[in-house]
Amino acid sequence: MSESACRRFARPLRTLRPLLVPLAALGLAAGAQAAPAVYAQVQPGAQVAFQATQMGVAMKGHFGTVHAQVHFAPQDLKASSVQVSVDSASVDAGESQTNDLLRGADWLNAKADPQARFVSTAWSAAGPGRYQVDGNFTVRGITHPLRVLVTTHAQGNDLSMDADFKLQRTAWGLGSGSWADTSVVAADIPVHVHLVVAP
């Protein structure tokens, strides 16, 4: 090829170069955005709260010691998992007498089984930022399947995860003896879990 022909061939390339550079950058940015996020670091401040209704009066409480392990991959729910446990003796319903009752054999039986825990077995999408999480819940040494609704919201680079479910307390023997009567203490115990997780 002659020198003049080479110059003619190179001229279109010089014209295209300013366009090719930003296009390549856009491609790299799109690839970075497409990379699936995995949230696996649980931030301090995990919360587990509950509510019980006794003779029509609501009683609220929470657990002071919460442990959580999360591996949440929104693009790969089959690989996602969560484990949340509480130290049963850390229950706090606002009154020492009530706390002693809840720690005792009729309720959490904290001495015999120091932790109540949920371990996920499957995740499924339930709408934007919402997931149904199936798993097993154990308390008082009794394990049953449990489905939990989890809602997620972005918090900067982190992600808040809020789970809500109702425990049918009699299935786990929560409130034995005279407390088994659901006209005294309602059968449903709503539970709320709040976690913040980071990549």
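Here, every reference points to the structure presented above.
No experiment lies behind these values; they were computed from the predicted model shown. (Residues numbered from 1 in each chain as written. Predicted model: local features only at pLDDT ≥ 70, side-chain atom pairs only at ≥ 80, totals over all residues. Heavy atoms only, no water.)

(A) Spotlight on the layout of surface pockets. In this structure, the largest pocket encloses a volume near 650 Å³. Lining the largest pocket are 38 residues, and of these F50, F63, L167, I189 and V191 lie nearest its centre. Classifying every residue of the lining of the largest pocket gives 33 nonpolar, four polar and one charged. (1 Å grid on protein atoms, 1.4 Å probe; cavity = no way out; pocket = protein on both sides within 12 Å on 5 of 7 lines; lining within 4 Å. Points joined across faces, edges and corners; volume = space filled by probe spheres on them. Nonpolar A, V, L, I, M, F, W, Y, C, P; charged D, E, K, R; others polar.)

(B) View of the environment of G177. Considering the arrangement of structural elements, one finds G177 in the loop between β10 (158–168) and β11 (188–198). In the structure, G177 is positioned 72 residues away from A105 in sequence and 9.8 Å away in space, judged by C-alpha atoms. (Helix = DSSP H or I, 4+ residues; strand = E, 2+ residues; numbered from the N terminus.)

(C) Representation of the packing of aromatic side chains within the structure. For the structure shown, the criterion picks out eight aromatic pairs. Between F137 and W172, the aromatic rings sit 5.6 Å apart at their centres with planes inclined by 80°, giving edge-to-face as the arrangement. Residue F137 is found in strand β8 (residues 130–139), and its partner W172 is found in the loop between β10 and β11; the two are separated by 35 residues along the sequence. Of the residues examined, F137 reaches a relative accessible area of 10% and is grouped as buried. Classification of W172 by relative accessible area gives buried; the value is 4%. A connected cluster of aromatic rings, assembled from ring pairs, spans Y39, F72, W123 and Y131. (Phe/Tyr/Trp six-rings, centres within 6.5 Å; stacked < 30°, edge-to-face > 60°. Buried < 20%, exposed > 50% of the residue type's maximum accessible area, 1.4 Å probe, protein only.)

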